[in-house]
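This is what each chain is made of:
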Amino acid sequence: MYENSFPNKRYKHTLHFLRKHINTDESILDLGVENPFTKIMVKDGYSVKNTQGEDLDIDYSAVSNTNADVITAFEIFEHLLAPLNLLSNTKATKLVASIPLKLWFSPAYRSKTDKWDRHYHEFEDWQFDWLLEKAGWEIQDSKKWAHPVKKMGFRPFLRLFTPRYYIVYATRK
């Protein structure tokens, strides 16, 4: 997925936010298969277990059966059809999750070659907040940041200052 580009800025922001809210002695269940950011978290001292690539819309047993203190989900919920089910059915008491925000000047992302690499949801921040509230979470902190691209044009110009990512730290109500 990251053969020609590595999201260094996103990873830097995400790790800083994670460090701010989660101690390294807290166990983490990271939604999604092991990925480059999993390795960054482990290198930073976190104890991380990943889900195994199951369809989390249908089989969220890894989440409902986990003993992890924290669920992390970095750019996962936009791929799910029904994230409410998963978010409502966990014993974890802390959540750190990020999503790419809906961009009014860009269509929803859809890979034509990888059925897992598609966005069903293109959230606005208030929609994601509402989802978490309905699932029994209370947001304690959040942050947004832009993601400029090194291209010329109107949309790349808008990406210089339009927030692209939204990250939250939430606790169980």
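Definitions and limits used
Residues numbered from 1 in each chain as written. Predicted model: local features only at pLDDT ≥ 70, side-chain atom pairs only at ≥ 80, totals over all residues. Heavy atoms only, no water. Core = buried A, V, L, I, M, F, W, Y, C linked by side-chain atoms within 4.5 Å. Buried < 20%, exposed > 50% of the residue type's maximum accessible area, 1.4 Å probe, protein only. Helix = DSSP H or I, 4+ residues; strand = E, 2+ residues; numbered from the N terminus. Phe/Tyr/Trp six-rings, centres within 6.5 Å; stacked < 30°, edge-to-face > 60°. Salt bridge = Lys/Arg side-chain N within 4 Å of Asp/Glu carboxyl O.

## Quick word on the nonpolar core
Next, step 1: Within the largest apolar cluster, 26 residues are counted, with the highest numbers of intra-cluster contacts made by Leu31, Phe77, Leu87, Leu95 and Phe128.
Next, step 2: When residues of this core are traced back to their parent elements, those giving at least two are strand S3 (70-74), helix H4 (83-88), strand S4 (94-100), helix H5 (125-134) and strand S6 (163-172).
Next, step 3: Counting residues in each nonpolar core, the second largest holds 16 residues, with Ile22, Trp145, Tyr165 and Ile167 among its members.

## Overview of the packing of aromatic side chains
Next, step 1: Per the counting criterion, the structure on display carries 7 aromatic pairs.
Next, step 2: Centroid distance phenylalanine 37 to phenylalanine 74: 5.2 Å. Interplanar angle 80 degrees. Geometry classified as edge-to-face. Separated by 37 residues along the polypeptide, phenylalanine 37 in helix H2 (residues 36-43) and phenylalanine 74 in strand S3 bring together distant segments of the chain.
Next, step 3: By relative accessible area, phenylalanine 37 is classed as buried at 4%.
Next, step 4: Relative to phenylalanine 128, the ring of phenylalanine 123 has its centre 5.4 Å away and its plane inclined at 65 degrees; by these criteria the two rings are edge-to-face. Both residues of the pair, phenylalanine 123 and phenylalanine 128, count as buried.
Next, step 5: These aromatic residues form a ring-pair network of at least three members: Phe77, Phe123, Phe128 and Tyr166.

## Structural notes on the pattern of salt bridges
Next, step 1: All chains considered together, the criterion is met by 5 salt bridges.
Next, step 2: For lysine 20, the salt bridge goes to aspartate 141, with nearest N and O atoms at 2.9 Å. Of this pair, lysine 20 sits in helix H1 (residues 8-21) while aspartate 141 sits in strand S5 (residues 137-146), and the two are 121 residues apart along the sequence.
Next, step 3: For lysine 20, a relative accessible area of 55% corresponds to the exposed category.
Next, step 4: A salt bridge links lysine 94 to glutamate 26; its shortest N-O distance comes to 2.6 Å. Of the two residues, lysine 94 sits in strand S4 while glutamate 26 sits in the loop between H1 and strand S1 (27-30), which places them 68 residues apart along the sequence. Per residue, the accessibility class of lysine 94 equals that of glutamate 26, and both read buried.

Taken by themselves, the reported measurements are silent on function.
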